[in-house]
Amino acid sequence: MVGIIDIGLGNIKSITNWLDRCVVPWKLINSPNDSQEFSLIILPGVGSVLEFMTKLEKLNFIEFLHTKSQRGQRILGICLGAHVLFNYSEEDNVVQGLGLIQGRVRQISGTSSNTGWLPFKFDKRLMHELWKSQRQNAFRKLKVNGRVFFNHNYGIMLEEHVDIDVKIQSKELLEFSALIHKENIIACQFHPEKSQLTGEILLKMIL
């Protein structure tokens, strides 16, 4: 069962459609008092980082996510949901994040946004032991080589050593990360739920 943090913001419908296409059961997490065990918790995000973090704090999800992370819960942050996993974002005059991964989110210079499709390569064999597939008998693919969809004005600047750091495959954006994997946390700058077959393969690899 995959849990989706629902604070009334973000691309929840896109996430649930993605999971349905992959035949993955899901449940919305509307309260930090939800005691159900999840194979993965998704932190979606579309919009303003200040509004997003304010909502997380108001609904007591900040402590919930810290506790889950410390207990080894697998967490996947997507786009803005990935940005809040880091120390702070420069958006909205600098907003403090969850600090689950050491790094910052910086405005992309020279262009208004990175919107569109870019190449993406990933090798599951590089992943930490905690991410061994629970569905490996049904899905054995170890590599993905395709395109993924980006839509963001701010990018992730990593500031620590992690298990995996896949950079954005664009000459102008190589300093920014497309996907980061640290122990039980994955930060995904692109939108796997909008990345068609590549996004579906990646989800099945993670699960």
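Look up: the structure comes first, before these words.
What counts, and where the lines are drawn
- Residues numbered from 1 in each chain as written.
- Predicted model: local features only at pLDDT ≥ 70, side-chain atom pairs only at ≥ 80, totals over all residues.
- Heavy atoms only, no water.
- Helix = DSSP H or I, 4+ residues; strand = E, 2+ residues; numbered from the N terminus.
- Contact = heavy atoms within 4.5 Å.
- Areas by Shrake-Rupley, 256 points an atom, 1.4 Å probe, with all protein chains shown as cover.
- Buried < 20%, exposed > 50% of the residue type's maximum accessible area, 1.4 Å probe, protein only.
- Pairing = 2+ DSSP bridges.
- Core = buried A, V, L, I, M, F, W, Y, C linked by side-chain atoms within 4.5 Å.
- Salt bridge = Lys/Arg side-chain N within 4 Å of Asp/Glu carboxyl O.
- Phe/Tyr/Trp six-rings, centres within 6.5 Å; stacked < 30°, edge-to-face > 60°.
- Axes fitted to C-alpha atoms, helices over the stretch in contact; angles between N-to-C directions.
- Parallel < 35°, antiparallel > 145°, perpendicular 65-115°, else oblique.

S.K.: Any chance you could break down the overall build of the chain for me, citing the residues and the numbers?
M.R.: Scanning the chain from N- to C-terminus turns up five helices and 13 strands. Considering only C-alpha atoms, the chain reaches an extent of 45 × 40 × 30 Å along its principal axes. Put simply, of all contacts in the chain between residues at least 6 apart along the chain, 71% involve residues at least 24 apart. With the model as given, the accessible surface of the chain reaches about 9800 Å², and the carbon-plus-sulfur share is 47%.

S.K.: If you had to explain the environment of Val 144 to someone new, which residues and values would you point to?
M.R.: Within the secondary structure, Val 144 sits in strand β9 (residues 143-152). Each C-alpha atom, one on Val 144 and one on Gly 199, is 9.3 Å from the other, the two residues being 55 residues apart in sequence. Leaving out residues up to four positions away in the same chain, Val 144 has contacts with Phe 120, Lys 121, Phe 122, Thr 198, Ile 201 and Met 205.

S.K.: Describe the side chain of His 191, listing the residues and the values that go with them.
M.R.: When you line up the elements, His 191 lands in the loop between β13 (185-188) and α5 (196-206). With a relative accessible area of 2%, His 191 lands in the buried category.

S.K.: Any details on the pairing of strand β11 (residues 164-167)? Residues and values, ideally.
M.R.: Within a regular strand, side chains alternate between the sheet's two faces. Residues Ile 164 and Val 166 line the buried face of β11, whereas the alternating positions Asp 165 and Lys 167 sit on a face that is not buried. Inspection of the sheet shows β11 paired to strand β12 (residues 177-182) by four bridges, in the antiparallel sense. Looking across to β12, one finds that Asp 165 is bridged to Ile 180.

S.K.: Lay out the nonpolar core with the relevant residues and their values.
M.R.: In this structure, Ile 42, Phe 122, Leu 179 and Phe 190 are the most contacted members of the largest nonpolar core, which totals 38 residues. Counting residues per element, this core draws most heavily on α5, which supplies five residues. Every residue in contact with Phe 122, bar those within four places of it in the chain, is listed here: Met 127, Leu 142, Lys 143, Val 144, Ile 164, Val 166, Leu 179, Leu 202 and Met 205. Counting residues in hydrophobic clusters, the runner-up holds 31 residues, among them Ile 5, Ile 7, Phe 61 and Leu 65.

S.K.: Talk me through the pattern of salt bridges; I want residue IDs and the actual numbers.
M.R.: Any two side chains of opposite charge can pair, on the condition that their charged atoms come close. Under the counting rule described, the total for this entry stands at seven salt bridges. Of the charged contacts, one joins Arg 104 and Glu 159 as a salt bridge, the two residues approaching to 2.9 Å between their closest N and O atoms. In this pair, Arg 104 sits in strand β7 (residues 103-107) while Glu 159 sits in the loop between β10 (154-158) and β11, placing the two residues 55 residues apart along the sequence. Given the relative accessible area of 47%, Glu 159 is considered partly exposed. Ionic pairing is found between Glu 160 and Lys 182, a salt bridge with its closest N-O pair at 3.0 Å. Taken together, the residues Glu 160 in the loop between β10 and β11 and Lys 182 in strand β12 connect sequence positions 22 residues apart.

S.K.: Residue-level account of unusual backbone geometry, with values.
M.R.: In this structure, Asp 92 takes a positive phi of about 55 degrees despite not being glycine. Assignment of secondary structure puts Asp 92 in the loop between β5 (88-89) and β6 (95-96). Notably, Glu 183 is not glycine yet its phi reads approximately 55 degrees, a positive angle. Residue classification places Glu 183 among the partly exposed residues on the basis of a relative accessible area of 44%.

S.K.: Explain the packing of aromatic side chains residue by residue, including any values.
M.R.: Counted under the stated rule, the structure contains five aromatic pairs. Here the aromatic rings of Phe 150 and Phe 190 are separated by 5.7 Å at their centres, their planes lie at 70 degrees, and the arrangement is edge-to-face. Taken together, the residues Phe 150 in strand β9 and Phe 190 in the loop between β13 and α5 connect sequence positions 40 residues apart.

S.K.: Lay out the packing of helix α1 (residues 12-21) against α5 with the relevant residues and their values.
M.R.: Where α1 meets α5, the axes come as close as 10 Å, and the angle between the chain directions of the two elements is 75 degrees. Relative to α5, α1 is oriented roughly perpendicular. For the pair formed by α1 and α5, the contact residues are Trp 18, Leu 19 and Arg 21 on the first element and Gly 199, Glu 200 and Leu 203 on the second.

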